[in-house]
Amino acid sequence: MLALMGAASSFAALPASASSLQVQTFELVRTTAGPAWFQFHVQGSPSASQPHGFDATIAARVVKGRVVSAASLGAYTFDYDYGVHVQAASHEVSACQPLGGCIVNRVLAYASGVDDSDNGEADAFNRFYIVEEGPASVTFRANGWQLRRVSLSYRYVTDAAADADGIFTGDQGYELFRSATATGGAFGSIATGDPPCSNSTAGIGLSPPRGLGTATLSGGNRSSSLTCPTNIGTPLLTGSAGTRMNWRLTGPVVGDSTFAHVPLFVLDLPRNP
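Bear in mind the structure is a predicted one, so any value in this text is a computation, not a measurement.

Peer 1: Honestly, the layout of surface pockets in this entry has me stumped. Any pointers?
Peer 2: Space left empty within the atom packing is revealed by a probe, the size of a water molecule, rolled over the atoms. The computed volume of the second largest pocket comes to approximately 200 Å³. Around the second largest pocket, the lining residues are Arg66, Val67, Val68, Ser69, Ala70, Gly220, Asn221, Arg222, Ser224, Thr238, Gly239 and Ser240. Those elements that place two or more of their residues in the lining of the second largest pocket are strand S5 (66-79) and strand S18 (237-241). Residue contributions to the lining of the second largest pocket peak at 5 residues, all from S5. Looking at the lining of the second largest pocket residue by residue, the class counts come to 3 nonpolar, 7 polar and 2 charged.

Below is the structure:
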């Protein structure tokens, strides 16, 4: 059983200043072929001095030094202060700038967690790669897993930095997404794609899925696609490659990018995964 939990709180507030970025990267390694479980939980609290947070998790099965399967658990950014950014026809406007700045979202705290347990099936994951940016604290409990602090290289493209037109307000947005690109590392990489077809909650109860179009992730051993809203609820697009690759997520997809504002995330594999 694999479960991912996440939450963020936000409200309108005043501007804040930027600062240096803290980065933590982890590798979880399975230490038994039998039943195993772990709980990895993160709590982050952005502030005026450390205003940015990022959270990404990828699960993988490695056999004889090669990734044979991988699954994304998502990649998310959190910003203490975020105004309104409008992008259309190659023009960019910070909508509040003429007014001296305004903030429509302020994230005070966020939490995420990965809970995994299985009986050691032949296809069970034996690696998890986790990236945390910002002032985040980590707790870990496990049986049959080891947590390692390692140096991992990665890169990601936010929706506001992609080839897209739309309005972006931090954890919310509405856009016409066309494409995003990023390069993988020399020893291979795992890439995840998350197009703007949100099924986020709004108010009480689950809001209906939103979005229209087909997104394709290419650059790895094979391409994969999903169609909004037909495939809403299926896992995020994930691909892997054993050598350096140029990854590309392409649309077009138009829709709500609420909590789906990192369309492309690429994690470089270590020399010996």
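Peer 1: Would you mind going over the side chain of Ser179 with me for this structure?
Peer 2: When you line up the elements, Ser179 lands in strand S14 (residues 173-183). With residues near it in sequence (within four places) discarded, Ser179 still touches Ala162, Asp163, Arg248, Leu249 and Thr250.

Peer 1: How do you make sense of the environment of Leu147 when you look at a structure like this?
Peer 2: Mapped onto the fold, Leu147 is located in strand S11 (residues 145-149). Between the C-alpha atom of Leu147 and that of Glu27, which follows or precedes it by 120 residues, the distance is 6.1 Å. Those residues in contact with Leu147 that sit more than four places away from it in its chain are Phe26, Glu27, Leu28, Phe40 and Phe140.

Peer 1: Explain the pairing of S5 to me, please; I cannot follow it from the model alone.
Peer 2: A regular strand places its side chains so that they alternate between the two faces of the sheet. The sheet contact formed by strand S4 (residues 52-63) and S5 spans 11 bridges and is antiparallel. Residue Gly53 lies in a different strand from S5, and its bridge partner there is Phe78.

Peer 1: In this structure, what is going on with the sheet that holds strand S2 (residues 23-30)? I would like to understand it.
Peer 2: Across a sheet, strands are paired by hydrogen bonds formed along the backbone, either parallel or antiparallel in direction. An order of S5-S4-S9-S2-S11 is seen for the 5 strands of this open sheet, with the pairing classed as antiparallel. A strand with exactly one partner marks an edge of an open sheet, and here the two such strands are S5 and S11. Here the strands of the sheet are splayed against their neighbours by 15 degrees on average, with no regard to which way each runs. When S2 meets S11, the two strands line up antiparallel, connected through 5 bridges. What sits directly across from Glu27, in S11, is Arg148.

What counts as what
- Residues numbered from 1 in each chain as written.
- Predicted model: local features only at pLDDT ≥ 70, side-chain atom pairs only at ≥ 80, totals over all residues.
- Heavy atoms only, no water.
- 1 Å grid on protein atoms, 1.4 Å probe; cavity = no way out; pocket = protein on both sides within 12 Å on 5 of 7 lines; lining within 4 Å.
- Points joined across faces, edges and corners; volume = space filled by probe spheres on them.
- Helix = DSSP H or I, 4+ residues; strand = E, 2+ residues; numbered from the N terminus.
- Nonpolar A, V, L, I, M, F, W, Y, C, P; charged D, E, K, R; others polar.
- Contact = heavy atoms within 4.5 Å.
- Pairing = 2+ DSSP bridges.
- Axes fitted to C-alpha atoms, helices over the stretch in contact; angles between N-to-C directions.

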